[in-house]
Amino acid sequence: MPQVQQPTYADTERLTWVLNRLGEMPPLVFAGECDELRERIANVADRRAFMLQGGDCAETFDGLRADNIKAKLRVLLSMSVVLTYAAQVPVVKVGRIAGQYAKPRSKDTETRRGVTLPAYRGDAVNGFDFTPESRRHDPDRLMRMYNASAATLNLVRAFVTGGFADIRHLHAWNASFVQDSRIEHRYEQMAGEIERALGFMMACGVNDDTLSVVDFYASHEALLLDYEHAMTRIDSRSHLPYATSGHMIWIGERTRQPQGAQVELLRRVTNPLGVKLGPGATGADAVEIAERLDPDRVPGRVTFITRMGADKVREKLPPIIEAVEKTGRKVAWVCDPMHGNTFETANGYKTRSYAAVVEELNGFFDVHDRLGTWPGGVHVELTGDDVTECLGGAFHLSEADLDSRYETACDPRLNRSQSLELAFMIAERLNQSRELRREPLQVPDWND
Ligand code: PEP
Ligand code: MN
């Protein structure tokens with residue numbers, strides 16, 4: 001079947017060796033965990049939960065450091081607390097993490113000062129440095145991706161179950177951050193309210209495990225067919241195939257051809273799947289993809305991640321939602337307000353403005369509110385560090401500021417305060433959406 005966006009390796013013998021070895025390595029995630037996430041996403045599709053998916057555009061091998069991973073988790077958990085407390089909605093937390101090492105590119109090559117080399121395709125494929133050696137597609141990088149994913153996941157698992165994520169330590173997550181923006185103040189204030197409420201509960205004798213452990217899942221774009229295929233395992237209980245490279249995997253905007261190899265591979269694994277839909281997608285496209293990936297209509301199987309752009313979302317999104325809903329299918333609708341809003345500044349940085357991100361999200365909520373469908377989640381590129389990659393936000397970052405800390409290996413990410421600010425904005429809109437439906441708060445199925 002037609003394959004697009006795949007690496008080309010000169011040393012095919014080495015590739016075969018690496019893939020065989022990967023096929024023997026232990027799984028990174030387990031079938032039962034993938035099923036659990038699928039059930040949670042079914043709650044999103046069923047209007048009972050909200051999905052927060054976020055992390056780097058591209059993880060890098062250099063970025064594999066405890067402080068970096070911890071900061072990312074901290075911002076995601078903080079956002080989730082804002083959403084849970086301010087919008088009173090259960091949040092399904094999914095990182096773009098522990099596997100997000102491969103990037104689709106719109107051009108195969110990059111030219112600098114008359115020199116043309118293969119484009120950077122993520123650390124899983126080649127290096128970021130602009131030299132022929134670094135840009136060569138290297139099969140050994142697949143093994144490094146596996147190892148880096150394993151190390152990341154190991155730390156994530158320790159953090160989310162080992163007490164770090166305990167909601168009763170909410171203030172500690174924030175302690176090392178400068179408290180000098182209105183957003184941090186707002187967050188601190190809310191954390192204080194939550195602590196008082198928790199204190200009240202504990203004084204009443206309520207004190208159970210759900211406060212100390214959070215559920216957090218790993219996801220990435222399943223771009224590299226060789227790697228994903230090698231990481232597929234047959235579950236010993238159900239005898240079904242699972243991608244064990246991550247809990248949820250998604251198909252990008254450039255590789256979602258219904259008859260293409262990517263869809264063919266992913267339709268055969270049992271994991272929950274995401275599909276990116278850009279402004280070129282039609283309702284018929286979405287229905288065809290859903291039908292191909294999920295003929296049995298398994299609840300939670302399909303999440304559509306729409307990324308239309310702030311100026312197109314109001315026009316392009318409604319016909320897609322209407323076409324899918326007309327089939328009677330229940331999917332999770334998630335908004336990626338990042339990828340339709342990228343542009344290059346005069347000083348040469350790829351960026352996005354915080355205002356455009358908010359505008360696309362407002363469009364997404366408006367459309368769902370009008371159609372009576374559930375705005376099920378958000379998918380963002382963010383980091384826990386104070387980078388200067390996206391314009392605007394609480395610190396009013398300008399084009400000139402991008403120079404000071406622009407570190408992404410691919411697309412620009414929201415920094416910590418921009419991410420927190422966005423969480424408050426989303427919480428407000430979610431509250432409105434709920435009020436509009438006059439639906440009582442529903443308890444999701446997973447509270448057993
Ligand atoms: C991405 O998520 O980094 C990405 C490349 O997205 P899309 O497939 O939507 O362009
Ligand atoms: Mn990206």
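Residues numbered from 1 in each chain as written. Chains lettered and ligands numbered in written order. Predicted model: local features only at pLDDT ≥ 70, side-chain atom pairs only at ≥ 80, totals over all residues. Heavy atoms only, no water.

1. A few points about the pattern of salt bridges
And then number 1: Scanning the model with the defined rule gives 39 salt bridges in all.
And then number 2: Notably, a salt bridge pairs Arg 135 with Glu 110, separated by 2.9 Å at the nearest N-O pair. You can see Arg 135 sitting in helix α4 (residues 132-135) and its partner Glu 110 sitting in strand β3 (residues 109-112), a full 25 residues away along the chain.
And then number 3: Overall, Arg 135 belongs to the buried group, its relative accessible area being 1%.
And then number 4: The salt bridge involving Asp 411 is made with Lys 350; its shortest N-O contact spans 2.7 Å. A residue pair is termed long-range when its members are at least 10 positions apart, and Asp 411 in the loop between β14 (377-381) and α13 (416-437) and Lys 350 in strand β13 (residues 350-351) qualify at 61 residues.
And then number 5: Assessed through its relative accessible area of 30%, Lys 350 is described here as partly exposed.
And then number 6: Shared partners join several salt bridges into a network, and the residues in it are Arg 96, Lys 350, Arg 352, Glu 381 and Asp 411. (Salt bridge = Lys/Arg side-chain N within 4 Å of Asp/Glu carboxyl O. Helix = DSSP H or I, 4+ residues; strand = E, 2+ residues; numbered from the N terminus. Buried < 20%, exposed > 50% of the residue type's maximum accessible area, 1.4 Å probe, protein only.)

2. Some thoughts on the sheet that holds strand β9 (residues 273-277)
And then number 1: Reading around the circumference, β1-β2-β5-β8-β9-β10-β11-β14 is the order of the eight strands in this closed barrel, with parallel pairing throughout. With strand direction ignored, the average angle separating the axes of adjacent strands in the sheet is 25°.
And then number 2: Where strand β5 (residues 216-221) lies against strand β8 (residues 248-251), three bridges are found, and the strand directions are parallel. Bridge assignment links Glu 221 to a residue of β8, and that residue is Trp 250.
And then number 3: Packing of helix α12 (residues 354-371) onto the sheet brings it into contact with β1 (50-55), β10 (302-306), β11 (332-335) and β14, and relative to β11 it is tilted by some 155°. (Pairing = 2+ DSSP bridges. Axes fitted to C-alpha atoms, helices over the stretch in contact; angles between N-to-C directions. Contact = heavy atoms within 4.5 Å.)

3. A word on unusual backbone geometry
Leaving glycine out, the prevailing phi sign among residues is negative, and the prevailing peptide bond configuration is trans.
And then number 1: One non-glycine residue, Arg 47, adopts positive backbone phi at about 70°.
And then number 2: Assessed through its relative accessible area of 26%, Arg 47 is described here as partly exposed.

4. A look at the packing of aromatic side chains
And then number 1: Following the criterion strictly, the structure yields six aromatic pairs and no others.
And then number 2: With a centroid separation of 5.2 Å and 85° between ring planes, the pair formed by Tyr 120 and Phe 128 is classed as edge-to-face.
And then number 3: With a centroid separation of 4.6 Å and an interplanar angle of 40°, the aromatic rings of Tyr 349 and Tyr 406 are classed as tilted. Placement of Tyr 349 in the loop between β12 (343-344) and β13 and of Tyr 406 in the loop between β14 and α13 is noted, with a sequence separation of 57 residues between them.
And then number 4: Under the relative-accessibility criterion, Tyr 349 is labelled buried at 17%.
And then number 5: Note on Tyr 406: relative accessible area 21%, which makes it partly exposed. (Phe/Tyr/Trp six-rings, centres within 6.5 Å; stacked < 30°, edge-to-face > 60°.)

5. Some points on the environment of Leu 430
And then number 1: Note on placement: Leu 430 falls in helix α13.
And then number 2: You can call Leu 430 buried: its relative accessible area is 1%.
And then number 3: Along the sequence, Leu 430 and Ser 134 sit 296 residues apart, while their C-alpha atoms lie 45 Å from each other.
And then number 4: Ignoring sequence-local partners within four residues, the contact set of Leu 430 consists of Phe 50, Leu 83, Ala 87, Val 89, Phe 365, Trp 374 and Pro 375.

6. Structural notes on the packing of helix α3 (residues 66-86) against α13
And then number 1: Remark: α3 packs on α13, axes separated minimally by 9 Å, with the N-to-C direction vectors making an angle of 20°. Comparing their axes, α13 and α3 come out roughly parallel. Between α3 and α13 lies a crossing of right-handed hand. Of the residues in α13, those in contact with Val 75, Ser 78, Met 79, Val 82, Leu 83 and Ala 86 of α3 are Arg 416, Ser 419, Leu 420, Ala 423, Phe 424, Ile 426, Ala 427, Leu 430 and Asn 431.
And then number 2: For the contact of α3 with α13, the class distribution of residues is eleven nonpolar, three polar and one charged. (Parallel < 35°, antiparallel > 145°, perpendicular 65-115°, else oblique. Left-handed = near helix turned anticlockwise from the far one by under 90°. Nonpolar A, V, L, I, M, F, W, Y, C, P; charged D, E, K, R; others polar.)

7. Some remarks on the nonpolar core
And then number 1: One finds Leu 22, Leu 142, Phe 304, Leu 422 and Ile 426 to be the most contacted residues of the largest nonpolar core, which totals 113 residues.
And then number 2: The contact partners of Ile 426, leaving out residues within four places of it in the chain, are Phe 50, Leu 83, Leu 361, Phe 365 and Val 378.
And then number 3: Membership of the second largest hydrophobic core comes to 13 residues, among which are Val 44, Met 51, Met 248 and Trp 250. (Core = buried A, V, L, I, M, F, W, Y, C linked by side-chain atoms within 4.5 Å.)

8. Digging into the site of ligand 1
And then number 1: Around ligand 1 sit Cys 57, Arg 96, Lys 103, Pro 104, Gly 252, Glu 253, Arg 254, Lys 276, Arg 307, His 339 and Glu 381, and those are all the residues in its vicinity.
And then number 2: For ligand 1, an oxygen atom lies 2.9 Å from a polar atom in the side chain of His 339.
And then number 3: Surface burial for ligand 1 is 98%, taken as the share of its 290 Å² of free accessible area covered by protein chains.
And then number 4: When the residues that make up the shell around ligand 1 are grouped by side-chain class, the tally is two nonpolar, two polar and seven charged. (Near = heavy atom within 4 Å. Polar contact = N/O pair within 3.5 Å; in protein donor to acceptor, adjacent residues only side chain to side chain. Areas by Shrake-Rupley, 256 points an atom, 1.4 Å probe, with all protein chains shown as cover.)

9. Focus on helix α11 (residues 313-326)
And then number 1: Along its 14 residues, α11 runs 20 Å from first to last C-alpha, staying within 8% of the 20 Å computed at 1.5 Å per residue.
And then number 2: The complete set of buried residues in α11 reads Val 313, Leu 317, Pro 318, Ile 320, Ile 321 and Val 324.
And then number 3: Directly beyond the C-terminal end of α11, a positive phi value near 85° is found at Gly 328. (Expected span 1.5 Å × (residues − 1).)

10. A few points about α3
And then number 1: For α3, with 21 residues, the first-to-last C-alpha span of 30 Å sits near the 30 Å given by 1.5 Å per residue.
And then number 2: Positive phi appears at Gln 88, one or two residues downstream of α3, with a value of about 50°.

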